[in-house]
Amino acid sequence: MIACGAIAREILALTRINGLDHIDLHCLPAIYHSYPQKIAPALEEAIADARSRGFEKIFIGYADCGTGGDIDRICEREGVERLSGPHCYSFFTGNEAFAARDDDITSFFLTDFLARQFEAFVIVPLGLDRHPELRDMYFGNYRKVVYLSQEEDPALQAKAKEAAAYLGLDYEYRYTGYGDLARELLTV
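These figures come from a predicted structure and were not determined experimentally.

The rules behind the values
Residues numbered from 1 in each chain as written. Predicted model: local features only at pLDDT ≥ 70, side-chain atom pairs only at ≥ 80, totals over all residues. Heavy atoms only, no water. Helix = DSSP H or I, 4+ residues; strand = E, 2+ residues; numbered from the N terminus. Buried < 20%, exposed > 50% of the residue type's maximum accessible area, 1.4 Å probe, protein only. Contact = heavy atoms within 4.5 Å. Areas by Shrake-Rupley, 256 points an atom, 1.4 Å probe, with all protein chains shown as cover. Pairing = 2+ DSSP bridges. Axes fitted to C-alpha atoms, helices over the stretch in contact; angles between N-to-C directions.

1. Re the overall build of the protein
- A count of helices and strands for the protein gives 10 helices and 7 strands.
- With the C-alpha coordinates aligned to their principal axes, the bounding extent of the protein is approximately 50 × 30 × 30 Å.
- Burial analysis of the protein (188 residues in total) assigns 46% to the buried set.
- Contacts spanning at least 24 positions in sequence make up 65% of the contacts within the protein whose residues lie at least 6 apart.
- Only carbon and sulfur atoms are counted for the fraction: they give 51% of the accessible area of the protein, which is about 9,700 Å².

Here it is as structure tokens:
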């Protein structure tokens, strides 16, 4: 399985819980979450590497993740499958449930990973540490931070609340667990 480093913790937990010892996990850098144009070329390289090491069945642990269909084109060309959905917020919520909501258009989403790594994956890449005046330009059209949690962890909830306060947005907590990720890993 070639996956996004931002969901490695969840994949490892699910493989442990479900006894999925046959899964060999290789993760690409989680920071690609902020630079989706880097995902497809890195996936092509990782697939070629996995094949050169004798792996026949390869599963991609990414949704589309902002690649504009590039991951799907690679999957089709290489004969591999990927996680369903447009992004991790969707598959953690459950793709059908996420698509059915119509009140999230002005929401900025956090997962456990982003709650833990808010500074490194939001503040620094957007330059808010150097130019805090940009906050309202980036987030002025958002109304709330929605924390989609995989673990019920009060410390992570506190970090997510701090992120919402930093952005000047309302806060909403939704426990999702592993959502569709759990179901899909059982088919790998």
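2. Details of the sheet that holds strand β3 (residues 59-61)
- Reading across the sheet, the 4 strands line up as β2-β1-β3-β4 and stay open at both edges, with parallel pairing between neighbours. Each of the sheet's edge strands pairs with one partner strand only, and the pair in question is β2 (26-28) and β4 (81-82).
- Direction of pairing for β3 relative to β4: parallel, over a ladder of 2 bridges. Note that in β4 the partner of phenylalanine 59 across the bridge is glutamate 81.
- Along the sheet, helix α2 (residues 39-52) makes contact with β1 (2-4), β2 and β3, crossing β2 at roughly 155°.

3. With respect to the environment of alanine 46
- Checked against the element boundaries, alanine 46 lands in helix α2.
- Sequence separation between alanine 46 and isoleucine 2 is 44 residues; the distance between their C-alpha atoms is 7.2 Å.
- Among all residues touching alanine 46, those that are not within four sequence positions of it are Ile2, His26 and Leu28.

4. Comments concerning the sheet that holds strand β5 (residues 107-110)
- The strand order β5-β6-β7 describes an open sheet built from 3 strands, whose pairing is parallel. Two strands bound the open sheet, and with one partner strand each, they are β5 and β7 (170-175). For this sheet, the mean angle separating the axes of adjacent strands, direction not counted, is 25°.
- Sheet topology places β5 next to strand β6 (residues 144-149); 4 bridges connect them, and they run parallel. Looking across to β6, one finds that serine 107 is bridged to lysine 144.
- Against the sheet, helix α9 (residues 154-167) engages β5, β6 and β7, with an angle of about 150° to β7.

By themselves, these figures tell us nothing about what the structure is for.
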